[in-house]
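Structure at a glance
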Amino acid sequence: MSETTPRQVLYGLVAAGFVLMVIVLAAGGAFSGLTPTWWSVVLGVLVLTGGVWMAFNWKRTGPVLLIAIGLFLIWMIGTLVVAGA
């Protein structure tokens, strides 16, 4: 097994920051009534699934960053779509 590099740690922390940001933004939208309940539940399931996978595979920096940024994009685009509905 190879040793963990500083770059892997940095990218893991950046990905964790994106996931935490999505959690805060999704919770804010849910509590403020900006988004419907079903959207908050769907986003919660996505964040939980992605977060668990990322926790076990955090050394695979490419997929981890793609998932983290993808969750943010899903939140952003989805919230814009459902908030106007």
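Here, the structure is the one placed above.
Scope of this entry: the structure provided in the associated data block. (Residues numbered from 1 in each chain as written. Predicted model: local features only at pLDDT ≥ 70, side-chain atom pairs only at ≥ 80, totals over all residues. Heavy atoms only, no water.)

With respect to helix α3 (residues 61–83)
Here α3 spans 32 Å end to end across 23 residues, near enough to the 33 Å set by a 1.5 Å rise per residue. Within α3, the full set of buried residues consists of Val-64, Leu-65, Ala-68, Leu-71, Trp-75, Gly-78, Thr-79 and Val-82. (Helix = DSSP H or I, 4+ residues; strand = E, 2+ residues; numbered from the N terminus. Expected span 1.5 Å × (residues − 1). Buried < 20%, exposed > 50% of the residue type's maximum accessible area, 1.4 Å probe, protein only.)

A short note on helix α1 (residues 6–32)
An α-helix turns once every 3.6 residues. As a result, residues three or four positions apart point the same way. An ideal rise of 1.5 Å per residue puts 39 Å on 27 residues; α1 measures up with 39 Å between its terminal C-alpha atoms. Residues Gln-8, Gly-12, Ala-15, Val-19, Val-22, Ala-26 and Gly-29 constitute the buried set of α1. Residues of α1 that are buried make contact with α2 (37–56) and α3. Where α1 terminates, the next one or two residues include Gly-33, which has phi positive at roughly 85°. (Contact = heavy atoms within 4.5 Å.)

Comments concerning the environment of Ala-83
Residue placement: Ala-83 occurs in helix α3. Residue classification places Ala-83 among the partly exposed residues on the basis of a relative accessible area of 32%. Residues Ala-83 and Ala-27, 56 residues apart in the sequence, show an inter-C-alpha distance of 14 Å.

Focus on the packing of aromatic side chains
Here a ring pair, both rings aromatic, is described through the centre-centre distance and the interplanar angle of the planes. Under the defined criterion, the tally for this structure stands at three aromatic pairs. Ring plane angle 65° and centroid distance 6.1 Å describe the contact between Phe-18 and Phe-72, whose orientation is recorded as edge-to-face. Of this pair, Phe-18 sits in helix α1 while Phe-72 sits in helix α3, and the two are 54 residues apart along the sequence. By way of ring pairs, the aromatic residues Phe-18, Phe-72 and Trp-75 are connected into one cluster. (Phe/Tyr/Trp six-rings, centres within 6.5 Å; stacked < 30°, edge-to-face > 60°.)

Details of the nonpolar core
Core analysis: the biggest nonpolar cluster contains 14 residues, and Ala-15, Val-19 and Met-54 have the highest contact counts within it. Among the secondary structure elements, those contributing two or more residues to this core are α1, α2 and α3. If you tally residues by element for this core, the top one is α3, at six residues. Setting aside residues up to four positions removed in sequence, Ala-15 forms contacts with Met-54, Val-64, Leu-65 and Ala-68. (Core = buried A, V, L, I, M, F, W, Y, C linked by side-chain atoms within 4.5 Å.)

Quick look at the environment of Phe-72
C-alpha of Phe-72 to C-alpha of Val-19: the two residues are 53 residues apart in sequence and 7.5 Å apart in space. Among residues more than four places away in sequence, those in contact with Phe-72 are Phe-18, Met-21, Val-22 and Leu-25.

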